[in-house]
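Close look at the chain arrangement
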Amino acid sequence: MHFTKMHGLGNDYLYVYGFPVDPEERSIKLSERHFGAGSDGMIYIMPSLKADFEMRIFNADGSEAMMCGNGIRCVGKYVYDKGYTKKKELDIDTKSGIKHLSLHTNAQNKVDLVTVDMGEREILDPALEAEGHTGTYVSMGNPHFVLFTEDAEAAPVDTLGPVLECAPQFPDRANIEFVQVVDEHTLRMRVWERGSGITMACGTGACASVAAAAAHHLVPMNERIEVKLDGGSLYISVSDSGAVEMTGPAAVVYEGETVE
Ligand SMILES: N[C@@H](CCC[C@H](N)C(=O)O)C(=O)O
């Protein structure tokens, strides 16, 4: 099986054109960082009758995700740079609906930045208590629990993250974001991702964090907010109606072949 390892701010997935019979097992095996290729999961790209392409996302533990913000930007780069499309305005079908992408190209006509219409955020509970911690429960198509903290660097991401991921309040588990408000246009976020653990960035998590911060009037609506992640920055805005737009980079690491 041919794959392309790509990343969005260090959130790395193996991208495959097509869909295998055993996506869960492949993701567990190939994502493993010592015995596999090493990734936060796998993303499959396919033709679609409803949109330009379809994507399916599998976390490193084999669970399927509804949406991936960093992944969808890489899908845009994958299909354009490899010549599957000449369009720079694209619709991608995901398990959480069709998302619109605007591709930005460099002097070599390669995609380096992608803007995504992420659809509407849903604030499921502005002040949910789980395991003694109060946070904002947000859906970006996938579930996020956003905790505001004074110091994101000191947040216990590796110990509290897995506990909250599996808290009884989240029957489908949840992605956990630890967010510090730096100023009214800047957030610092660290993340524990459902099914993958600590990652260097989470696009839907960054969108959920800005949505939660806007809901609590910590950042303005309708303005670009910088979210600083371990792997770099995303730029996100939330409109009055709750529509979320995200802009960030997409990059190739290498092309690979599995040995069956
Ligand atoms: N890294 C992603 C989110 C991937 C899916 C997530 N772990 C889930 O299970 O919902 C992103 O960039 O959004």
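Thresholds applied
Residues numbered from 1 in each chain as written. Predicted model: local features only at pLDDT ≥ 70, side-chain atom pairs only at ≥ 80, totals over all residues. Near = placed C-beta within 6 Å. Helix = DSSP H or I, 4+ residues; strand = E, 2+ residues; numbered from the N terminus. Nonpolar A, V, L, I, M, F, W, Y, C, P; charged D, E, K, R; others polar. Domains from an automatic or database assignment. Contact = placed C-beta atoms within 7 Å. UniProt positions renumbered as here; feature names shortened; annotations may be inferred.

Moving on: the site of the ligand. The ligand sits among 18 residues. The nearest are Ala65, Asn70, Asn142, Gly203 and Thr204. Taken together, the elements giving at least two residues each to the shell around the ligand come down to β4 (53–59), α2 (69–81) and α4 (203–215). With three residues, α2 is the single largest residue contributor to the shell around the ligand. Split by residue class, the shell around the ligand holds four nonpolar, twelve polar and two charged. Both domain 1 (2–118 + 248–257) and domain 2 (122–247) contribute no fewer than three residues apiece to the shell around the ligand.

The domains assigned to the protein chain are domain 1 (2–118 + 248–257) and domain 2 (122–247). Measuring from the centre of the C-alpha atoms in domain 1 to the corresponding centre in domain 2 gives 22 Å. Taken together, the contact pairs 25 residues of domain 1 with 25 residues of domain 2. Those elements giving two or more residues to the side of domain 1 that touches domain 2 turn out to be α2 and β8 (111–120). The element contributing the most residues to the side of domain 1 that touches domain 2 is β8, with five residues. A per-class count over the side of domain 1 that touches domain 2 returns nine nonpolar, 13 polar and three charged.

Turning our attention to the UniProt feature "active site" (unreviewed entry) in the protein chain. Per the UniProt record, the feature "active site" (unreviewed entry) sits at Cys68 and Cys202. The greatest C-alpha distance among the annotated residues, which extend across 135 residues, is 7.7 Å, indicating that they converge on a single site. Every residue in contact with Cys68, bar those within four places of it in the chain, is listed here: Ile43, Ile57, Gly203 and Thr204. Examined against the element boundaries, Cys202 turns out to sit in the loop between β14 (197–199) and α4. Not counting residues within four places of it along the chain, the set of residues in contact with Cys202 comprises Asn11, Gly69, Asn70, Asn175, Val191 and Glu193.

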